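Spelled out, the chains give:
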Amino acid sequence: DKGFSFDTELLLLARESGAKFEEVPIRWVDTEKGDTAVSLLQDVPRMTRGLLEQRERHALRVLERNPWSFSNRLWLLTMPVLKRVVDIFGIGCAG
């Protein structure tokens, strides 16, 4: 994904490869009202679909290693429905 969800996929792939993570505190500073690059109507459906696609790829990788993984089979069965719901609610917005 080349959008907002690339970092979540990077974290997922790192976790799958056995990487360890530590929490690091940061100082968050809010921007001025209206000064954001994120559009709820355009970006949220696209980000949601991106996360679903990441989960689908993860399930496929797990099934390659363990064909008996019931939870990942269930994810793959429901994935087309979940993607369609996101597409319907993001009509004209999801890319």
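Please refer to the structure higher up on the page.
**Student:** In this structure, what is going on with the overall build of the protein chain? I would like to understand it.
**Tutor:** Counting its secondary structure elements, the protein chain contains three helices and zero strands. Sequence-ordered secondary structure for the protein chain, helices as α and strands as β, is α-α-α. Taking as baseline every contact in the protein chain between residues at least 6 positions apart, the subset at least 24 positions apart corresponds to 58%. For the protein chain, the exposed area adds up to about 7,900 Å²; of that, 62% sits on carbon and sulfur atoms.

**Student:** Can you walk me through the pattern of salt bridges in this structure?
**Tutor:** When their charged atoms lie close together, side chains carrying opposite charge are able to pair. Counted by the stated rule, this structure contains six salt bridges. Measuring nitrogen to oxygen at the nearest pair gives 2.8 Å for the salt bridge that ties Arg-57 to Glu-9. In this pair, Arg-57 is assigned in helix α2 (residues 40–65) and Glu-9 in helix α1 (residues 6–16), connecting sequence segments 48 residues apart. Take Glu-9: its relative accessible area is 13%, and that puts it in the buried class. Across the pair Arg-49 and Asp-87 runs a salt bridge, and its minimum N-O distance is 3.0 Å. Linking Arg-49 in helix α2 with Asp-87 in helix α3 (residues 70–89), this pair joins segments that are 38 residues apart in sequence. Assessed through its relative accessible area of 23%, Asp-87 is described here as partly exposed.

**Student:** In this structure, what is going on with the environment of Arg-55? I would like to understand it.
**Tutor:** With respect to the secondary-structure elements, Arg-55 resides in helix α2. C-alpha separation for the pair Arg-55 and Asn-72, spaced 17 residues apart in sequence, amounts to 9.2 Å.

**Student:** Explanation requested: the environment of Ser-5 in the structure shown.
**Tutor:** For Ser-5, the location among the structural elements is in the segment before α1. For Ser-5, a relative accessible area of 3% translates into the label buried. Separated by 49 residues in the primary sequence, Ser-5 and Gln-54 have C-alpha atoms spaced 8.9 Å apart. Here Ser-5 is in contact with Gly-50, Leu-51 and Gln-54, once residues within four sequence places are set aside.

**Student:** Can you help me understand the packing of α1 against α2 in this one?
**Tutor:** When two helices pack together, their arrangement is given by the angle between their axes and by how far apart the axes lie. Following both chains from N to C, one finds α1 and α2 inclined at 20 degrees, their axes separated by 10 Å at the closest point. Looking at the two axes, α1 sits roughly parallel to α2. Relative to α2, the crossing made by α1 is right-handed. Packed against α1, whose contacting residues are Thr-8, Glu-9, Leu-12, Leu-13 and Glu-16, the element α2 presents Leu-51, Gln-54, Arg-57, His-58 and Arg-61 at the interface.

Reading the values: the criteria
- Residue indices follow the written sequence of each chain, beginning from 1 at its first position.
- Local features are withheld for residues below a pLDDT of 70 in this predicted model, meaning they are given only at 70 or higher, and side-chain atom pairs are given and counted only at 80 or more; totals for whole chains, interfaces and linings count all residues.
- Side-chain measures here rest on the full set of heavy atoms in the structure, leaving out hydrogens and waters.
- By definition, any uninterrupted DSSP run of H or I lasting at least four residues is a helix, any uninterrupted run of E lasting at least two residues is a strand, and each is numbered from the N terminus.
- Note on contacts: a residue pair qualifies if any of its non-hydrogen atoms lie within 4.5 Å across the two residues.
- For the area figures, the Shrake-Rupley method with a 1.4 Å probe applies, and any residue is considered shielded solely by the protein chains shown.
- Note on definitions: salt bridges are taken to be side-chain nitrogens of Lys or Arg within 4 Å of carboxyl oxygens of Asp or Glu.
- Relative accessibility decides the category of a residue: with a 1.4 Å probe and only protein chains considered, values under 20% of the type maximum give buried, values over 50% give exposed, and everything between is partly exposed.
- The axes used here are C-alpha line fits, helices contributing only the stretch in contact, and every angle between their N-to-C directions lies in the interval 0 to 180 degrees.
- Under this scheme an angle from 65 to 115 degrees is roughly perpendicular, one under 35 degrees roughly parallel, and one over 145 degrees roughly antiparallel; angles in between are oblique.
- The hand of a helix crossing depends on one turn: near helix anticlockwise from the far one by less than a right angle means left-handed, and clockwise means right-handed.

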